[in-house]
Amino acid sequence: MHAGETPGFATLAIRTGHHRTPEGEHCEPIYTTSSFVFASAAEAAARFGGDEAGNIYSRFTNPTVRAFEERLAALEGGERCVATASGMAAILATCLGSLRAGDHIVSSRAIFGSTTVLFNKYLARFGVETSYVDLADLDAWAAAIRPNTRLLFLETPSNPLTEMADIRILADLAHHHGCPLAVDNCFCTPALQRPLALGADLVIHSATKYLDGQGRCLGGAVVGDAQRVGEEVFGVIRTAGPTMSPFNAWIFLKGLETLELRMLAHARAAQALAEWLVDQPAVTRVHYPGLASHPQHALVGPQQRTGGGIVAFEVEGGREAAWRVIDATRLLSITANLGDTKTTITHPATTTHGRLSPAERAAAGIGEGLIRIAVGLEDLGDIQADLARGFARG
Ligand SMILES: *Cc1c(COP(=O)(O)O)cnc(C)c1O
């Protein structure tokens, strides 16, 4: 329970960002308007000139989107948040806002597949180079930094093996070299992990996942200080236009209201499922931060409030055995998406990581027998029964 001067997390998640209009509405309104009307030519000039705050055009100023931005900024403990059309748009806007030709990124290797393509195929075309290191190898991070390194980028925990980075140590390393650390906080959300409080400079979200929480729409966000986010990222969104729609912002506002409840429930179920998987004879290995066997288990607590909602495990018999488990399910959804009340199951080696060469997959530790589950909020016994059917056939 929370009591004190400043509101607690749940209160911020439910109350922040809604500035009630004279209509007296209780729920946040959706402003579906492309532009806004000015009282006079002088007011229009003042708004466009930046002398007066206020709405202009929904590519960069919309009250529903702003309500979402204020709420997420409060939850992450950041000065400013800029909402984007998708998680990828958030990463793109962060890079376009702060990097130029000749700059260098150091990134953890196990990041979202499209992020790798963005760095390797598109940013490279504009003269920005990326080096990849193992997430948990602190020496490798230090060794990869060059004089022209302008960004450290990571996801923790990683997908699908749930490896974790020590955010505080990597933030210190980044600052020692005068560059910012960006953390993709999609897997934990601020309900479980607040990277800015640990020293990170930028937090990136795919709101598509847990912030929505029910698989309804795409969105993203960047949170950080007034300069990096309020000026640099905002400038990209304003100019280039990968903007969040007001309707989607409203969905995410509603999602944030139950975020903490949902994340704790996802994590409780994932912990129980991971412990159950350890006991299954067909399962050879379980990857979950909440297990004492996890290499960075000590970070659960100080850095990350729980083990999170994602569990990966390996079955004996390679692809054939893994596909048999997946195909025997009747309840679980076979989809690579995650962060939904509905439990999802996927075979990383042939889906999310299918574009990697076999050697790259082996280096990343993604075997043919690996299965990833994003644990939803159905009854745990039903999820277990659905998996047990596939194990029994093995
Ligand atoms: C899904 C995802 C993204 C990309 O988000 P979209 O909303 O699909 O564009 C980025 N990072 C992580 C960790 C993700 O899971």
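On a predicted model such as this, the values are computed, not experimentally measured, just so you know.

What counts and how
Residues numbered from 1 in each chain as written. Predicted model: local features only at pLDDT ≥ 70, side-chain atom pairs only at ≥ 80, totals over all residues. Heavy atoms only, no water. Near = heavy atom within 4 Å. Polar contact = N/O pair within 3.5 Å; in protein donor to acceptor, adjacent residues only side chain to side chain. Areas by Shrake-Rupley, 256 points an atom, 1.4 Å probe, with all protein chains shown as cover. Nonpolar A, V, L, I, M, F, W, Y, C, P; charged D, E, K, R; others polar. Helix = DSSP H or I, 4+ residues; strand = E, 2+ residues; numbered from the N terminus. Expected span 1.5 Å × (residues − 1). Buried < 20%, exposed > 50% of the residue type's maximum accessible area, 1.4 Å probe, protein only. Contact = heavy atoms within 4.5 Å. Pairing = 2+ DSSP bridges. Axes fitted to C-alpha atoms, helices over the stretch in contact; angles between N-to-C directions. 1 Å grid on protein atoms, 1.4 Å probe; cavity = no way out; pocket = protein on both sides within 12 Å on 5 of 7 lines; lining within 4 Å. Points joined across faces, edges and corners; volume = space filled by probe spheres on them.

Let's shift gears to the site of the ligand. All residues in the neighbourhood of the ligand are listed as S86, G87, M88, F112, E155, D184, C186, F187, S206, T208, K209 and G219. T208 places a polar side-chain atom, nitrogen or oxygen, 2.6 Å from an oxygen atom of the ligand. Protein contact buries 93% of the 390 Å² of open area that the ligand shows by itself. Per-class residue counts for the shell around the ligand are four nonpolar, five polar and three charged.

The end-to-end C-alpha separation of helix α3 (residues 63-76) is 20 Å, in line with the 20 Å expected for 14 residues at 1.5 Å each. Buried residues dominate α3, accounting for 11 of its 14 residues. Among all positions in α3, only P63, T64, V65, A67, F68, E69, R71, L72, A73, L75 and E76 are buried. Buried residues along α3 sit in contact with α1 (9-15), β1 (80-84), α8 (189-192), β6 (202-206), β7 (220-224) and α10 (246-257). Where α3 starts, the residue carrying a side-chain oxygen 2.9 Å from the main-chain nitrogen of T64 turns out to be N62. Immediately beyond the C-terminal end of α3, within one or two residues, lies G77, with a positive phi of roughly 70°.

On to the sheet that holds β6. What the seven strands build is an open sheet, ordered β1-β7-β6-β5-β4-β2-β3; its pairing is mixed. With one partner strand each, in any of the chains shown, β1 and β3 (129-133) form the two edges of the open sheet. Each neighbouring strand pair of the sheet contributes to a mean axis angle of 20°, computed without reference to strand direction. The pairing of β6 with β7 spans four bridges and is antiparallel.

Within this structure, the stated rule accounts for three cavities of 30 Å³ or more. Space inside the largest cavity adds up to approximately 50 Å³. What lines the largest cavity is T94, G97, S98, P180, L202, R228, E232 and V233. Listing elements by their share of the lining of the largest cavity, those giving two or more residues are α4 (87-98) and α9 (226-240). In terms of residue class, the lining of the largest cavity is made up of three nonpolar, three polar and two charged.

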